[in-house]
Amino acid sequence: MAQRVDGNRITVNHRAQTAQGRARLLLALVPLLFLSLFFVYPVVTLFAVSLAPNGVFDSSGLVTLFASRTYLQIFSFTFMQAALSTALTLLLAIPSAYVFAHWQFRGKKLLLSLSLLPFVLPTTVVAVAFSGLIGERGLVNDLLMSMFSLTEAPLQLDHTLTLVLIAHVFYNYSVALRLITGFWMNQSNHIEESAALLGAHGWGLWWQIQFPLLRPVITAAALLVFMFCFTSFGVVLIMGGQRFATIEVEIYRQATSLFNLPLAATLSLVQIGFTFILMLIYTRFQRQVIVELRSTTRPLRSATSLREKIAVVSTIVLMITLLFTPLATVILRAFTYGNEGVTLRYFGLLGTNPRGSVLFTPPLVAIGNSLSFALVTTILAVGLGVLSAYALRGSKRGLLGGLDILLMLPLVTSAVTIGFGYVVALDEPPLNLRTSIILIPIAHTLIALPFVVRNVLPALRAIPPSFGDAAQSLGASPLRVVRLIELPLILRGLLVGAVFAFTVSMGEFGASLFIARPDTPTMPIVIYRLLGQPGASNYGQALAMSVLLIIVCALSLIVIERGRTIGTSEL
Amino acid sequence: MPAEGVLDFLHHSPILRGFCSPHVAQRHNPMMRCPVKQLVLLLVISILCVVRPTSAQTQTVRVVVHDSFNVSEAVLAQFEADSGLIIEILRLGDTGILVNQSILSRENPLGDVLYGIDNTFLTRALEADLFMPYESPALAVVDPAFLLDPEARVTPINYGDVCLNVDVAYFEENDLALPQSLADLSAPEYAGLLAVQNPATSSPGLAFLLATIVVFGEEDDDYDYLDYWTDLIANDVIITDDWTTAYYSEFSGSAGSEGDRPLVVSYASSPSAEVFFADPPVETAPTSAIVAPDTCFRQVEFAGVLANASNPEGAQQFIDFLLSDAFQADMPLQMFVFPVIPTVPLPDVFAEYAAIPDSPILMPIAAIDANREQWLSAWTETALR
């Protein structure tokens, strides 16, 4: 008798699981369709055109790749700088996340909101900021030289790997910080307290309790940062100088300057293949970890002891030094450019069109374009990201495991590859979108999507299934479970994801270079154009537009983060 | 209005209603009543705004250009009014991207006419059969030196010279003579003074490399261009990724620059741009271009009717427009290049501050594309590794 009951239960469970599996597949269909249309199809078409132009495989790319030691050097440099940048970023971001997840202090929310600002600045502008700050004739060297009456500049960072690493940390610190803090905040501190009660403290507590708890989010952060640095283009070229080259740089050179598509495609495949392997390892690693979260947010208190206060203060100092002094340098230069004291002259010039050019973009139009693209990107990325996260929530085999990896690939696929892919693939109805500006937010969404998924998925996985089961057994529909129980729990991660999607779009301009588009210049494009011509007013206006970009993004970030009212408490 | 219909449908759609029970609505501030529904509405509105159907009538001419293409609104509007054509401009990042994407889409081109291919990329496009021949009547008044394609598949529109630019104040203060040849640049008195661009990623950088190849030769046993570059490196030349970094971060002559290199590879027209864009205005140019013989490389920009264009007649009219006096006279101040029609008057700031070299370096276009890859990799090995 007992056995029969058991048997029945197994059948029921099994049925429920298959039904759930089917539902998950259905959810996965939308993001899969999106990725297939706007990533797989164009990229595969381009590879086919490049590697087998006449139906016969062209192996010249592979031959070149293995014939020359140069490519091995390029590959190992690419890997090494990305690994170093990731390690440094995490080294700084994890302690900061600890501080953010444990103590309450004034200005915390604002600091966290604004920490994403570096993300939106074009590399050229960041280069201006860095050389003004830590360049050979920058502020820091001036200061040191006058303080210690030196004749030589003590900081010689121009065109060094160190500068590349600093710039990568500058760009990626907030990625890791936001991701880890968001996850940590959702963790109940009962485990920590119990462990402490049982005598664990200091490093023991950290290694045995904290680190395993945080491992899913730390690996997720490491993965994102690594991929960003792995495909670094502008930072390496401008900060590192010409001795360094990443695979990304080489793809650009081969595809645009030399039109060697077989080699460019082969390199692109190497880049994608490497990521694929990395993702396989990551997925395997992630599968072992399921930590259950509580719905309650951990209680925060003010720092009391001296040690705690030092921790808080040094985090604030670190963030200000790392993130905000370069921004402040740009702002300062925009208002003082031209050696005539403080001036608003270049802001005024932005609105004038003395030559009556078609290239002229009123600043409000540029702001409007940027905001529209960012809005569409955010909506697309959040929608597709949540669907993907739900689909990926349980075990990941077959199609779903593929989706997880597929989601990450656009992040490491060269803009050249995607742009050229669009030209060869999206050229016929119903997908004749080559010259439509909708392609720009779509390309942005491809890059933003991993940020949303990586922020939502850890939170979603950590919700105990018992919550949903309990609600369902009380008669709640699946939609109600999502809305009333799960959405509030993942909202923080979702919001961070949305903020990332927004900033990715505001700052990105690679897509615009590779997509033939009617003139809809965004703020980064306007900066790029102004910096393309000689003359004081062009340079001054580029600085002024950079300041507008910083202001618009800062305001948007504050507004977005204010907007969250449901189910979250103060962060 | 279909748009309203869609929105209306969404408002009352049961799918969305499921997301917004009165429960949630009452608890929270009315603005946030139903975020999901609002998001979906926003998405639909944005998409409806963005995907406007583009009419592909014969009246429209689609012009594919690089990001630097510029013209006066008035001049373009006048042409549209006169011809009855609607000009649609499609932009791509730079010349390399523009040419390569056009070749990739040759069978089903992005537009009807391409503007902005230069002599360094020309052979690649001609070999790919990218253009259909068109001999504009206006070619008769173009300086014949610019007619590089005997089959008239492309039409020259403008030219510019890539020349060394100098920080005038630095040379005056240090009582240093200006270099008069490329060979001078490797002399000790110019050590640490020059900034150039990587020829693999920058168009003036490529022009400068080609200039050194013409001047020093390729397979000269005594001293070829690679020996010259070895000497330049030994003389502490700085190599940047692009023109912007070289000009604004390394060059000391550009207004407000923190750079410390008084010599940079730029254009012969750059000093006039420094004056034109000076703010506050200046009387004398802070920079000047060296136009000594065999130091400047001439770039010529072309336009052509794309093969398989859907409106070839309109494209031809647009090319005639590019050679019209109105456009040719407008070009210098819009793009800081020189008109190919010698009788077109130059603006004052050009006449006064922009120099035209008497004997610029020219290179046969076929040689450039045939050797580009080999030159670039040899240069990379010598200069960067």
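Residues numbered from 1 in each chain as written. Chains lettered and ligands numbered in written order. Predicted model: local features only at pLDDT ≥ 70, side-chain atom pairs only at ≥ 80, totals over all residues.

## Some details on the overall build of chain A
Rules: Runs of E in the DSSP output that reach at least two residues are strands. Runs of H or I that reach at least four are helices, and both are numbered from the N terminus. What the globule rule says is 2.2 Å times the number of residues to the power 0.38, and the radius of gyration is computed from C-alpha atoms. Burial is judged by counting other C-beta atoms within 10 Å of a residue's own C-beta: 20 or more means buried, 12 or fewer means exposed, and anything between counts as partly exposed, with every C-beta placed from the backbone. Here the contact rule is simple: place C-beta atoms from the backbone, and any two residues whose C-beta atoms are within 7 Å are in contact.
Helix and strand counts for chain A come out as 23 helices and three strands. Expected size for 571 residues packed as a compact globule is a radius of gyration near 25 Å; at 25 Å, chain A falls within 12% of this value. For chain A, the spread of C-alpha atoms along the three principal axes comes to 90 × 70 × 50 Å. Looking at the 571 residues of chain A, the share that counts as buried comes to 49%. Looking at chain A alone, contacts between residues at least 24 apart form 82% of all its contacts between residues at least 6 apart.

## Considering the nonpolar core
Our working rule: Think of a nonpolar core as buried Ala, Val, Leu, Ile, Met, Phe, Trp, Tyr and Cys residues chained together by C-beta atoms that fall within 7 Å. Each domain's extent was defined by an automatic or database domain assignment.
Among the nonpolar cores identified, the biggest contains 280 residues, and Ile180 and Val452 of chain A together with Val113 of chain B are the most heavily contacted of them. With 17 residues, the top contributor of residues to this core is helix H7 (residues 161-185) of chain A. Here this core spans two domains, since at least three of its residues come from each of domain 2 (60-159 + 299-346) and domain 3 (161-297 + 359-383) of chain B. Dropping the residues within four chain positions of it, isoleucine 180 of chain A is found in contact with Ala93, Ile94, Ala97, Leu214, Val217, Ile218 and Ala221 of chain A.

## Remarks on the confidence of the model for chain A
When pLDDT drops low, the exact placement of atoms in the prediction is not to be read closely. Residue and element names in this part refer to chain A. Basically, it comes down to this: The pLDDT value tells you how sure the predictor is about a given residue, anywhere from 0 up to 100.
On average, residues of chain A carry a pLDDT of 83, and 91% of them reach 70 or more. The element-level mean pLDDT for chain A is lowest in helix H8 (residues 190-197), coming to 72, with helix H15 (residues 363-392) highest at 93. In this model, residues 565-571 is a region of pLDDT below 50 whose contacts with residues beyond four sequence positions or in other chains number 16 contacts.

## Quick look at the environment of phenylalanine 130 of chain A
Residue and element names in this part refer to chain A. Summarising the element assignment, phenylalanine 130 is placed in helix H5 (residues 123-134). The class of phenylalanine 130 is buried, set by 24 C-beta atoms lying within 10 Å. Spatially, the C-alpha atoms of phenylalanine 130 and methionine 239 are 8.8 Å apart, while their sequence positions differ by 109 residues. With sequence-adjacent residues up to four places away left out, phenylalanine 130 is seen in contact with Gly135, Leu163, Ala167, Met239 and Pro326.

## A short note on the pairing of strand E6 (residues 194-197) of chain B
All names here are of chain B. Inclusion rule: The pairing criterion for strands is at least two bridges between them, as found by DSSP.
Residues Leu194 and Val196 line one face of E6 and the alternating positions Ala195 and Gln197 line the opposite face, and both faces are buried. With two bridges joining them, E6 and strand E8 (residues 263-267) adopt parallel strand pairing. Its bridge partner being in E8, leucine 194 is matched across the sheet by leucine 263. Strand direction decides the pairing type here: E6 and strand E7 (residues 238-240), joined by three bridges, are parallel. Note on E7: the bridge partner recorded for valine 196 is isoleucine 239.

## Description of the packing of H7 of chain A against helix H18 (residues 439-461) of chain A
All names here are of chain A. Condition: Convention adopted: a line fitted to C-alpha atoms gives each axis, helices being fitted over their contacting stretch, and angles between N-to-C directions are expressed from 0 to 180 degrees. The scheme is simple: roughly parallel for angles under 35 degrees, roughly antiparallel for over 145, roughly perpendicular for 65 to 115, oblique for anything else. By the definition used in this description, the sense in which the near helix is turned from the far one sets the handedness, with an anticlockwise turn below a right angle giving left-handed and a clockwise turn giving right-handed. When residues are sorted by character, Ala, Val, Leu, Ile, Met, Phe, Trp, Tyr, Cys and Pro go into the nonpolar class, Asp, Glu, Lys and Arg into the charged class, and all the rest, Gly among them, into the polar class.
The interhelical angle for the contact between H7 and H18, taken along N-to-C directions, is 20°, at an axis separation of 10 Å. Classed by the angle they form, the pair H7 and H18 counts as roughly parallel. Relative to H18, H7 is oriented so that their crossing is right-handed. Contacts between H7 and H18 pair Leu179, Gly182 and Phe183 from the former with Arg454, Asn455, Pro458 and Ala459 from the latter. Residue classes in the contact of H7 with H18 are distributed as four nonpolar, two polar and one charged.

## Here's the deal with the confidence of the model for chain B
Residues and elements named next belong to chain B. Confidence in the prediction for chain B averages 85 pLDDT; 84% of positions are at 70 or higher. A low-confidence stretch, residues 1-33 stays under pLDDT 50, and its non-local contacts, those more than four residues away or across chains, total 29 contacts. Confidence drops under a pLDDT of 50 for residues 49-58, and excluding neighbours within four residues, the segment shows nine contacts in the predicted structure. Among the prediction metrics, the complex's ipTM stands at 0.84, with pTM recorded as 0.84.

## Describing the environment of valine 63 of chain A
Residues and elements named next belong to chain A. For valine 63, the location among the structural elements is in helix H2 (residues 60-67). Residue valine 63 is classed as partly exposed on the basis of its C-beta count, with 13 C-beta atoms lying within 10 Å. Distance in space between the C-alpha atoms of valine 63 and proline 518 is 39 Å, their sequence separation being 455 residues.

## Thoughts on unusual backbone geometry
Most peptide bonds take the trans form, and the phi angle of most residues other than glycine is negative. Residue and element names in this part refer to chain B. That bond from aspartate 279 to proline 280 is cis: its omega, 0°, falls within 30 degrees of zero. Here proline 280 shows up in the loop between helix H12 (270-276) and strand E9 (287-289). Unusually for a residue other than glycine, aspartate 236 sits at a positive phi of about 65°. Mapping aspartate 236 onto the fold places it in the loop between helix H10 (225-234) and E7.

## Description of H18 of chain A
In plain terms, the rule: Working rule for helices: expected span equals 1.5 Å times residues minus one. Here the bend at each residue means the angle between axes fitted to two seven-residue stretches, the one ending at that residue and the one beginning there.
Helix length check: H18 of chain A (23 residues) gives 32 Å between terminal C-alpha atoms against 33 Å at 1.5 Å per residue, within 8%. At isoleucine 447 of chain A, H18 of chain A shows its largest bend, some 35°, and a proline, proline 450 of chain A, comes one to four positions later.

## Some thoughts on the packing of helix H22 (residues 523-530) of chain A against helix H23 (residues 536-562) of chain A
Residues and elements named next belong to chain A. Their axes nearest at 8 Å, the elements H22 and H23 cross at an angle of 165°. Considered as vectors, H22 and H23 are oriented roughly antiparallel to each other. Crossing handedness for the pair H22 and H23: left-handed. Counted together, Met523, Val526, Ile527 and Leu530 of H22 and Asn538, Gln541, Ala542, Met545, Ser546, Leu548 and Leu549 of H23 form the full contact between these two elements. Of the residues assigned to the contact of H22 with H23, the class counts are eight nonpolar, three polar and no charged.

## Things to note about the interface of chain A and chain B
Residue-level contacts link 59 residues of chain A with 64 residues of chain B. A total of five residues in the side of chain A that touches chain B trace back to one element, the largest contributor, which is H23 of chain A. Across the side of chain A that touches chain B, the residue classes tally to 28 nonpolar, 20 polar and eleven charged. Relative to strand E2 (residues 86-92) of chain B, strand E3 (residues 517-518) of chain A is paired through two bridges, and the arrangement is antiparallel.

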